[in-house]
Amino acid sequence: MTDSLSGESLFTEDEGDLLGEVVNIAMGRAGAALAEAFSGFVNLRVPEIRAVNASIIGEARARLEHAYDRISIMHQEFFGELAGHIAVIFGPASYAALRNVLGFDDRDGDGRRQREELLLELGNALASTCVSGISSQLEMRTGLRAPRVVAFDAPARDAVQRLFGDLPVWSGKTLQIDIVFHLEEHDVPFELVITVSPECLSSMKRELSRRVMG
Amino acid sequence: MISTVLVVDDSKMSRKVNLALVRELLGNEVNYLDASGGAEALEMLQSTAIDLMLLDLTMPNVSGYDVLVAMRKLNLATQVIVISADIQPAAKERVMSLGAAGFIEKNIKPEVLRGMLVKLGVFHD
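Criteria and thresholds
Residues numbered from 1 in each chain as written. Chains lettered and ligands numbered in written order. Predicted model: local features only at pLDDT ≥ 70, side-chain atom pairs only at ≥ 80, totals over all residues. Helix = DSSP H or I, 4+ residues; strand = E, 2+ residues; numbered from the N terminus. Buried ≥ 20, exposed ≤ 12 C-beta atoms within 10 Å, placed from the backbone. Contact = placed C-beta atoms within 7 Å. Expected span 1.5 Å × (residues − 1). Arc of directions from axis to C-beta. Core = buried A, V, L, I, M, F, W, Y, C linked by C-beta atoms within 7 Å.

Concerning the overall build of chain A
Regarding its fold elements, chain A presents six helices and nine strands. Buried positions account for 42% of the 214 residues belonging to chain A. Summarising the internal contacts of chain A: among those between residues at least 6 apart in sequence, 77% fall at separations of at least 24.

A few points about helix H6 (residues 201–213) of chain A
Residue and element names in this part refer to chain A. With 13 residues, H6 should cover 18 Å at 1.5 Å per step; its first-to-last C-alpha distance of 18 Å lies within 8% of that length. Restricting attention to buried positions, one finds in H6 the residues Met204, Glu207 and Leu208. Down the axis of H6, the sector holding all buried residues measures 95°, keeping them to one side. Seen from the open side of H6, the exposed residues pointing more than 90 degrees away from its buried face are Ser202, Arg210 and Met213.

Quick notes on the nonpolar core
Core analysis: the biggest nonpolar cluster contains 62 residues, and Leu34(A), Ile73(A), Ile86(A), Val88(A), Leu126(A), Cys130(A) and Leu192(A) have the highest contact counts within it. Those residues in contact with Cys130(A) that sit more than four places away from it in its chain are Ala26(A), Met27(A), Ala30(A), Ile86(A), Ile179(A), Leu192(A) and Ile194(A). If you look at the next biggest cluster of nonpolar residues, it comprises 30 residues, including Val5(B), Ala41(B), Leu54(B) and Tyr65(B).

Focus on unusual backbone geometry
The omega torsion across Lys106(B) and Asn107(B) is -5°, close enough to zero to call that bond cis. Examined against the element boundaries, Asn107(B) turns out to sit in the loop between strand S5 (102–105) and helix H5 (110–119). A positive phi angle, close to 50°, is found at Ser39(A), a residue other than glycine. Summarising the element assignment, Ser39(A) is placed in the loop between helix H1 (13–38) and strand S2 (42–44). The backbone of Asp153(A) shows a phi angle near 45°, a positive value even though the residue is not glycine. With respect to the helices and strands, the residue Asp153(A) is situated in strand S7 (residues 148–155). Its 17 C-beta neighbours within 10 Å are what place Asp153(A) among the partly exposed residues.

So, the environment of Leu183(A)
All names here are of chain A. Among the structural elements, Leu183 can be located in strand S8 (residues 173–183). In the structure, Leu183 is positioned 122 residues away from Arg61 in sequence and 24 Å away in space, judged by C-alpha atoms. Discounting chain neighbours no more than four positions away, the residues touching Leu183 are Phe38, Gly40, Val42, Ala97, Val188 and Phe190.

This is the structure:
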């Protein structure tokens, strides 16, 4: 079950609007990092931000399973005043683009380990840029734990099961932010799903409100 | 001499901030308009003589890029300053090649806007 951001009592319309701009700016920084890594152009779309019932994750699972046959997922927790987790979703095409652009040859040796390291490196750069971009603008301290690959080139259903099976069980409303970077020359998406812990929402609302009033 | 300024952004807060900043510099003699999306902006550009537009890029449906492309086709001569969170160097190059007169990164800083308006000759210290 999802709600528009201000549809319920999570944020006012102005607070939701401001959060959209905060995420937009963080996304812009991450997009620039991705563009630099690929020496290409990244099309940015308006991020989707919505209040979700933390106990209902079926919708996110169904969407990912529908969008991809096989995926790799990098997962990273963030903690502190701004806490939650972030998943970076790589479809097969996005990995192939990564290999082509970087001239990476993983056919010899321990290819899987090299590939996983590559996903970790890029995923970590995107995740940390987005999370730190949001936390710095809202002046909410945060730290990132080590990233990990929860699924590598696995059937989407299994990968999603692993991701959501490992996540903490929350209750109440939380905030989900979906960001899609589209690498223009290769026509492939890189998708980030950020979920903010329900415990942080009152602090986030306070910071947003302060800026709206200011 | 600037008589009408249009501020385009899908964020209400950004429109409010950008309108306040440009009003602070250009004063109350100028007519200020705002639009919440690219389609609305294009309608206003065709119905009203607009001298200067502050344009966001990442907007739903009709983006800032779409607006610039349409303006070129329609031969609209409004000066455009793009104000965007899309900070890729290629984004700046792309909007300039589409006819924008300037590019400013979000969050917009008053002194940067001031410098841009001076550079474009629409504000004098």
